[in-house]
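Listed below, chain by chain, are the residues.
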Amino acid sequence: METHILVIDQGTTSTRSIVFDRNFTPVASAQREFPQSFPHPGWVEHDPRDLWETSLATMRDALARSGLTAADIAAIGIANQRETTVLWDRETGEPIAPAIVWQDRRTADLCNRLTAEGCEGLVAERSGLLIDPYFSATKIGWLLDNVPGARSRAERGALAFGTVDTFLLWQLTGGAVHATDATNAARTMLFDIHSGVWDEDLLRLFQIPATILPEVRDTAGAFGTAAATWLGREVPVLAMVGDQQASLVGQACFSPGLAKATYGTGAFMLLNTGDARPRSRHRLLTTIAYQWDGKRTYALEGSIFSAGSTVQWLRDSLGIITTAAESTRLAAEAADDQPVYLVPAFAGLGAPHWRSDARATLSGLTRGTTRREIARAALESVGYQTLDLLEAMRADMLDAGLEGAEAVIRVDGGMSDSDWTMQFIADVLGNPVDRPVVRETTALGAAFLAGWRAGLYGGPEEFARNWHLDRRFSPEMADDRRSSKIKGWRHAVAQALHAQD
Ligand SMILES: Nc1ncnc2c1ncn2[C@@H]1O[C@H](COP(=O)(O)OP(=O)(O)O)[C@@H](O)[C@H]1O
Ligand SMILES: O=P(O)(O)OC[C@H](O)CO
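Criteria and thresholds
Residues numbered from 1 in each chain as written. Chains lettered and ligands numbered in written order. Predicted model: local features only at pLDDT ≥ 70, side-chain atom pairs only at ≥ 80, totals over all residues. Heavy atoms only, no water. UniProt positions renumbered as here; feature names shortened; annotations may be inferred. Helix = DSSP H or I, 4+ residues; strand = E, 2+ residues; numbered from the N terminus. Contact = heavy atoms within 4.5 Å. Near = heavy atom within 4 Å. Polar contact = N/O pair within 3.5 Å; in protein donor to acceptor, adjacent residues only side chain to side chain. Areas by Shrake-Rupley, 256 points an atom, 1.4 Å probe, with all protein chains shown as cover. Nonpolar A, V, L, I, M, F, W, Y, C, P; charged D, E, K, R; others polar. Phe/Tyr/Trp six-rings, centres within 6.5 Å; stacked < 30°, edge-to-face > 60°. Buried < 20%, exposed > 50% of the residue type's maximum accessible area, 1.4 Å probe, protein only. Lys NZ or Arg CZ within 6 Å of the ring centre and 35° of its normal. Axes fitted to C-alpha atoms, helices over the stretch in contact; angles between N-to-C directions. Left-handed = near helix turned anticlockwise from the far one by under 90°. Salt bridge = Lys/Arg side-chain N within 4 Å of Asp/Glu carboxyl O. 1 Å grid on protein atoms, 1.4 Å probe; cavity = no way out; pocket = protein on both sides within 12 Å on 5 of 7 lines; lining within 4 Å. Points joined across faces, edges and corners; volume = space filled by probe spheres on them. Domains from an automatic or database assignment. Buried area = accessible area lost by both parts, 1.4 Å probe.

The name an unreviewed UniProt entry gives the protein is Glycerol kinase, with Xanthobacter aminoxidans as the organism. Within the UniProt record for the protein, the comment given under Pathway (unreviewed entry) is "Polyol metabolism; glycerol degradation via glycerol kinase pathway; sn-glycerol 3-phosphate from glycerol: step 1/1." UniProt annotates the protein under Function (unreviewed entry) with the comment "Key enzyme in the regulation of glycerol uptake and metabolism. Catalyzes the phosphorylation of glycerol to yield sn-glycerol 3-phosphate."

Looking now at the UniProt feature "binding site: ATP" (unreviewed entry) in the protein. Under the UniProt annotation, the feature "binding site: ATP" (unreviewed entry) is placed at Thr-12, Thr-13, Ser-14, Thr-265, Gly-308, Gln-312 and Gly-414. Following the sequence through the fold, Thr-12 ends up in the loop between strand 1 (4-10) and strand 2 (14-20). Beyond its immediate stretch of four places on either side in the chain, Thr-12 contacts Phe-34, Gln-36, His-46, Gln-81, Val-101, Trp-102 and Gln-103. Looking at where Thr-13 falls in the secondary structure, it is placed in the loop between strand 1 and strand 2. Beyond its immediate stretch of four places on either side in the chain, Thr-13 contacts Glu-33, Phe-34 and Gln-36.

Moving on, we come to the UniProt feature "binding site: glycerol" (unreviewed entry) in the protein. Under the feature "binding site: glycerol" (unreviewed entry), the UniProt entry names Arg-82, Glu-83, Tyr-134, Asp-243 and Gln-244. Positionally, Asp-243 belongs in helix 10 (residues 243-250). As for its placement among the helices and strands, Gln-244 is situated in helix 10. Aside from chain neighbours lying at most four places away, what touches Gln-244 is Arg-82, Lys-260, Thr-262, Phe-268 and Leu-270.

It is worth spelling out the site of ligand 1 at this point. Around ligand 1, 15 residues are found, and the nearest of them are Thr-265, Gly-308, Gln-312, Gly-414 and Met-415. Taking Thr-265, its side chain carries an N or O atom lying 2.6 Å from an oxygen atom of ligand 1. In this structure, an oxygen atom belonging to ligand 1 sits 2.8 Å away from a main-chain N or O atom of Gly-414. If ligand 1 stood free it would expose 580 Å²; the protein chains cover 68% of that surface. Where the shell around ligand 1 is concerned, the elements lending two or more residues are helix 11 (308-318) and helix 12 (324-333).

All right, on to the site of ligand 2 then. Lining the immediate environment of ligand 2, one finds Gly-11, Thr-12, Gln-81, Arg-82, Glu-83, Trp-102, Tyr-134, Asp-243, Gln-244 and Phe-268. Side-chain polar atom of Thr-12 to an oxygen atom of ligand 2: 2.7 Å apart, as the coordinates give it. Side-chain polar atom of Gln-244 to an oxygen atom of ligand 2: 3.5 Å apart, as the coordinates give it. Within the complex, the protein chains bury 84% of what would otherwise be the 310 Å² of accessible surface of ligand 2. Grouping the constituent residues of the shell around ligand 2 by class yields three nonpolar, four polar and three charged.

All told, the structure shown has 28 aromatic pairs when counted by the stated rule. Judged by centre distance (6.0 Å) and plane angle (65°), the ring pair of Trp-102 and Phe-268 falls under edge-to-face. With Trp-102 in the loop between strand 7 (99-100) and helix 2 (108-116) and Phe-268 in strand 16 (residues 267-274), the pair connects residues that are 166 residues apart, well separated along the chain. What makes Trp-102 buried here is its relative accessible area of 15%. Residue classification places Phe-268 among the buried positions, given a relative accessible area of 10%. Ring centres 6.2 Å apart and planes at 85° place the aromatic pair Phe-448 and Tyr-457 in the edge-to-face group. Its relative accessible area of 0% is what places Phe-448 among the buried residues. On the accessibility criterion, Tyr-457 (11% relative accessible area) is buried. In textbook terms, an aromatic cluster arises when at least three aromatic residues are bridged by ring pairs, as seen for Phe-24, Phe-254, Tyr-290, Trp-292, Phe-448, Trp-452, Tyr-457 and Phe-463. In this structure, Arg-82 packs its charged tip against the face of Phe-268, placed 5.4 Å from the ring centre. The ring of Trp-467 is capped by Arg-410, whose NZ or CZ atom sits 3.8 Å from the centre of that ring.

Moving on, we get to the packing of helix 1 (residues 48-66) against helix 6 (residues 164-172). A packed helix pair is summarised by two numbers, namely the angle formed by the two axes and the spacing between the axes. Taken N-terminus to C-terminus, the directions of helix 1 and helix 6 make an angle of 60°; their axes are 10 Å apart at the nearest point. In this structure, the crossing between helix 1 and helix 6 has a hand that is right-handed. Facing helix 1, whose interface residues are Pro-48, Leu-51, Trp-52, Ser-55 and Met-59, helix 6 presents Val-164, Phe-167, Leu-168, Gln-171 and Leu-172. Its residues assigned to classes, the contact of helix 1 with helix 6 shows eight nonpolar, two polar and no charged.

Attention now goes to the pattern of salt bridges. For the structure on display, the rule yields 42 salt bridges. Between Asp-399 and Arg-281 there is a salt bridge; the shortest N-O distance is 3.8 Å. Of this pair, Asp-399 sits in helix 13 (residues 371-399) while Arg-281 sits in the loop between strand 16 and strand 17 (285-292), and the two are 118 residues apart along the sequence. Salt-bridge contacts for Asp-417 lead to Arg-439; the nearest nitrogen and oxygen are separated by 2.7 Å. Taken together, the residues Asp-417 in the loop between strand 21 (409-412) and helix 14 (419-429) and Arg-439 in the loop between strand 22 (433-436) and helix 15 (441-453) connect sequence positions 22 residues apart.

Overall, the coordinates contain one cavity of 30 Å³ or more when judged by the stated rule. Approximately 100 Å³ is the volume attributed to the largest cavity. Lining the largest cavity are 16 residues, with Leu-349, Gly-350, Ala-351, His-353 and Gln-385 sitting closest to its centre. For the lining of the largest cavity, the elements supplying multiple residues, two or more each, are strand 18 (295-304), helix 13 and helix 17 (479-498). For the lining of the largest cavity, the element with the most residues is helix 13, which contributes three residues. In terms of residue class, the lining of the largest cavity is built from nine nonpolar, six polar and one charged.

Attention now moves to the domain arrangement of the protein. Each assigned domain of the protein is listed with its residue range as follows: domain 1 (4-243) and domain 2 (251-436 + 468-501). Inter-centroid distance (C-alpha atoms) of domain 1 to domain 2 is 27 Å. The interface is formed by 27 residues belonging to domain 1 together with 20 residues belonging to domain 2. Carbon and sulfur atoms make up 54% of the area that domain 1 and domain 2 hide from each other, which totals about 1900 Å². Among the residues of domain 1 in contact with domain 2, Leu-130, Ile-193 and Asp-218 are the three that bury the most area, contributing 27% of the side total. Summed over the shared surface of domain 1 and domain 2, the number is two salt bridges. Ionic pairing is found between Glu-301 and Arg-82, a salt bridge with its closest N-O pair at 2.9 Å.

Set out below in structure tokens:
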């Protein structure tokens, strides 16, 4: 009986596969890490074969652990790290080079040049994005120009491009399907998010031949069939979705005004804007939240580069904690009267600043400062950065004459385990923060989309009714204390930015 869903969650540092039953309860999972490669400063690469092999291995392991067989699986859903770029040979399926990961900054000079030449308007208008090495377009161009023979092979139709979803689908279907979904296409900087097609002007600007591009399909829909070789029987692939959009779905943020924030290594906040595509005046991204039945729903997105990674820095570089959870205990014991600020610009600052040259600062130290105050400053930095994103989102919504973001934000990701941090976020936002019972929202979102399309489950309304609150964190901080803390943060950010000027 085809009663279960198998999800691949292919992330930046590890791949997981989870088997869900028809009520979206996870019944078995498997996880594998794979090597990260940093061949030069600012470069980040993955071996695309690792992404596929860990996907296959974890799918098989999760299925074996569930005690089920492929005959019990109604559909496969894929959620994936976004923007990461793969080029492969259509004949052999072999990648022509390592995947260039979303974090890779090697095309920064080209992006700066295009911005200086005034191309930002066209890019923002069509793709909803800012010109930045984060997105796929300049990564593809780099591969075409730097892998010997790549451009001419691409021009004669011998190469295929894909984000990770597309590469995994190609492998799963034995090269039969070269497709992506609208959420992933929206991250390439080559896609017209308004009409839902590859954009000829952007392709010309970034010098990308159309021959390499995948077909763009609905987020929930038919993507072909995984070959019987992999799981012992053919299984349809019925959903593909970028991981941050997957968690927006998993958090049941289907109505305009609903927002989610995922706190993992970095943090990503997405606000559902419905049919509206507000052009951000505060350096946020306009992106596709999901597409089904040919209809696109949009979102505003802000990304914070350092969230959980700031806690990892306390652990691995400073050595002042031994586990991530210890940061919470220390922060709770910190002296209240010490205004210590950590601006975690370890990899520059993301939205709304987009300053890759900014560097981290730790300020307000006195002779009495201990690791407690530093741990608290690290956790608080996540709250302040969330505030900066939320304020930018509200201002954009107001400018566009749209309803502002609803007061409640749904949170998930590893760091949402920290009650102290979630309470601080609620305090500094002056808004409630809701944490759901199920925090595997990325895989859950992909499972819902595939299960819905497989006919195992009703639509979004039914799924939304099954979203359950674990805990609401309500703001408790006094207004004057809140204002003075925010003022201190703004001052610290200004210092971090000016230090580079
Ligand atoms: N109790 C906690 N307090 C603070 N940070 C935490 C806690 N638990 C996990 N983290 C942080 O959350 C991150 C892991 O979250 P996860 O969602 O698994 O990340 P990713 O998917 O990006 O790998 C780590 O960076 C870790 O430092
Ligand atoms: O793989 P994650 O969870 O770090 O997510 C990465 C994002 O999709 C990058 O845009």
